[in-house]
Amino acid sequence: MADIGTDLQRAVSFLTQGDLVAIPTETVYGLAANAYDEAAVVKIFEAKNRPAFDPLIVHTHAVSQVSGIVREVPDAAYKLAERFWPGPLTLILPKAEHVPLLVTSGHDSVGVRIPNHSLTLDLLRQLPFPVAAPSANPFGYVSPTTAHHVQDQLGDRIPYVLDGGACEVGVESTILRLNGDEVEVLRLGGLALEDLQEVVQISKVQVKTSSSNPAAPGMLSSHYSPRKKVLLGNISENLQKTDPSRTGVISLQQIYSEVPREQQIQLSASGDLSEAARGLFSALRTLDAQPIDLILAEPMPEQGLGRAINDRLQRASFQS
């Protein structure tokens, strides 16, 4: 099994030698490799059983480093970086020639971000290269928000997990594609649309699903899925069609008397959508381990991080 620890030098050593290291971020844990080393990047796809048509995000530690990863940085990118980096924001920009097409799945653009986690920022400062890092889980399954989530699923495939504690945001980054000063949302995530619109004008919110060659990570129709079937909708109505004793529930605030309490997860008693986002993937994992047949989930309010939670729940329930 993978070792878990906080030894930055071990992590630096593994990454420099072309190995994989799971790293903490504020969103979810990532599976990192040298972004410029194709042989190392191949190991990401192998460890995750990830299709090569699903692009990766490149992580670095400073805005000054981004110009080495992309061909151009438009003014809108600098405005967004000043406000939201380090943070849960990925920008899709034209890639530099030396960024392998394997990282971008053949696209001429690359996703870049600066994660808001002190341990990983320290790690990135000690590396002479940026890292490519999708979520550290088998492809399509629920993203990990603790080091032990990573070990449970990938511990036999990677040498080291850098333990930075539980992730503070709990859902993946928001992804924006920039074409000059035109800004398009490709994936809802850890930043609310309302916050982004204070800085730039959003021209389009394109969060449609895809079955192949997505423009950004996390855009596939079926994603973030537990092994148990997930049904998204009105929980009270759906409980009438199932056996409550064999059913799990994910709700924002409500508790259902007909379902055993240990099979229910209340994401936020106060209705705080940020708290709900932090607990979403852990809730899916917890119920997936329960002796139940079905997970019922309710849509969140379509505001703030509620939009990102709904996006993840919809993908978790797609053909599950």
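Parameters and conventions
Residues numbered from 1 in each chain as written. Predicted model: local features only at pLDDT ≥ 70, side-chain atom pairs only at ≥ 80, totals over all residues. Heavy atoms only, no water. Helix = DSSP H or I, 4+ residues; strand = E, 2+ residues; numbered from the N terminus. Rg over C-alpha atoms; globule rule 2.2 N^0.38 Å. Buried < 20%, exposed > 50% of the residue type's maximum accessible area, 1.4 Å probe, protein only. Areas by Shrake-Rupley, 256 points an atom, 1.4 Å probe, with all protein chains shown as cover. Axes fitted to C-alpha atoms, helices over the stretch in contact; angles between N-to-C directions. Parallel < 35°, antiparallel > 145°, perpendicular 65-115°, else oblique. Left-handed = near helix turned anticlockwise from the far one by under 90°. Contact = heavy atoms within 4.5 Å. Nonpolar A, V, L, I, M, F, W, Y, C, P; charged D, E, K, R; others polar. Pairing = 2+ DSSP bridges. Domains from an automatic or database assignment. Buried area = accessible area lost by both parts, 1.4 Å probe. Salt bridge = Lys/Arg side-chain N within 4 Å of Asp/Glu carboxyl O. UniProt positions renumbered as here; feature names shortened; annotations may be inferred.

Section: the overall build of the protein chain
Helix and strand counts for the protein chain come out as 11 helices and 15 strands. For a compact globule of 320 residues, the expected C-alpha radius of gyration is about 20 Å, and the protein chain comes in at 19 Å, within 12% of that figure. Along the first, second and third principal axes, the C-alpha atoms of the protein chain reach 55 × 45 × 35 Å. By the burial criterion, 60% of the 320 residues in the protein chain qualify as buried. Counting only carbon and sulfur atoms, one obtains 45% of the accessible surface of the protein chain, whose full area is about 12600 Å².

Overview of the packing of helix 1 (residues 8-16) against helix 6 (residues 118-125)
Where helix 1 meets helix 6, the axes come as close as 10 Å, and the angle between the chain directions of the two elements is 50°. Taken together, the axes of helix 1 and helix 6 lie oblique to each other. Taken as a pair, helix 1 and helix 6 cross one another with a handedness that is right-handed. In this structure, helix 1 contributes L8, A11, V12 and L15 to the contact, and helix 6 contributes L119, D122 and L123. Of the residues contributing to the contact of helix 1 with helix 6, the split by class is six nonpolar, no polar and one charged.

Focus on the pairing of strand 3 (residues 30-34)
Within strand 3, five of the five residues are buried, which leaves the element mostly enclosed by the surrounding structure. Bridging between strand 2 (residues 21-23) and strand 3 involves three bridges; their strand directions are antiparallel. Looking across to strand 3, one finds that V21 is bridged to A32. Here strand 2 folds back onto strand 3, and the loop between the two strands holds six residues. As defined by bridge partners, strand 3 adjoins strand 7 (residues 131-132) across two bridges and the pair is classed as antiparallel. Considered in strand 7, the bridge of A33 is made with A132.

Section: the domain arrangement of the protein chain
Looking at the protein chain, the domain boundaries give domain 1 (3-207) and domain 2 (229-317). Taking only C-alpha atoms, the centre of domain 1 and the centre of domain 2 are 27 Å apart. Listed as interface residues are 25 residues of domain 1 and, on the opposing side, 15 residues of domain 2. Here domain 1 meets domain 2 over a buried area of about 1600 Å², counting both sides, of which 54% is carbon and sulfur. When the buried area of domain 1 at its contact with domain 2 is split by residue, V142, V171 and L188 rank highest and sum to 31% of it. On the surface where domain 1 and domain 2 come into contact, there are two salt bridges. When the shortest N-O distance is used, the salt bridge between R312 and E172 registers 2.9 Å.

What about the UniProt feature "domain: YrdC-like" (unreviewed entry) in the protein chain?
According to UniProt, the "domain: YrdC-like" (unreviewed entry) feature falls on residues 5-191. Spanning residues 5-191, this segment combines 29% helix with 21% strand, and its end C-alpha atoms are found 29 Å apart.

Description of the pattern of salt bridges
Where charged atoms from two side chains of opposite charge approach closely, those side chains can pair. On inspection of all chains with the given rule, the structure shows 15 salt bridges. For R50, the salt bridge identified is with D54, shortest N-O distance 3.1 Å. Owing to a relative accessible area of 8%, R50 belongs among the buried residues under this scheme. When its relative accessible area of 0% is taken as the criterion, D54 is described as buried. Where R246 meets D293, a salt bridge forms, and the shortest distance between an N and an O atom there is 2.9 Å. Placement of R246 in the loop between helix 9 (235-239) and strand 13 (247-251) and of D293 in the loop between helix 10 (273-288) and strand 15 (294-297) is noted, with a sequence separation of 47 residues between them.

Let's talk about the UniProt feature "binding site: L-threonine" (unreviewed entry) in the protein chain
On the UniProt side, "binding site: L-threonine" (unreviewed entry) is annotated at positions that read T27, R113, A133 and S173 here. Over a stretch of 147 residues, the named residues converge on one spot in the fold, their C-alpha atoms separated by at most 12.1 Å. Residue placement: R113 occurs in strand 6 (residues 109-113). A residue is classified by how much of its surface remains accessible, and R113, at 3% relative accessible area, is buried. Along the chain, the position of A133 falls in the loop between strand 7 and helix 7 (147-154). Non-local contacts of A133, meaning those with residues more than four positions away in its chain, are made with I23, G30, L31, A32, I57 and H59.

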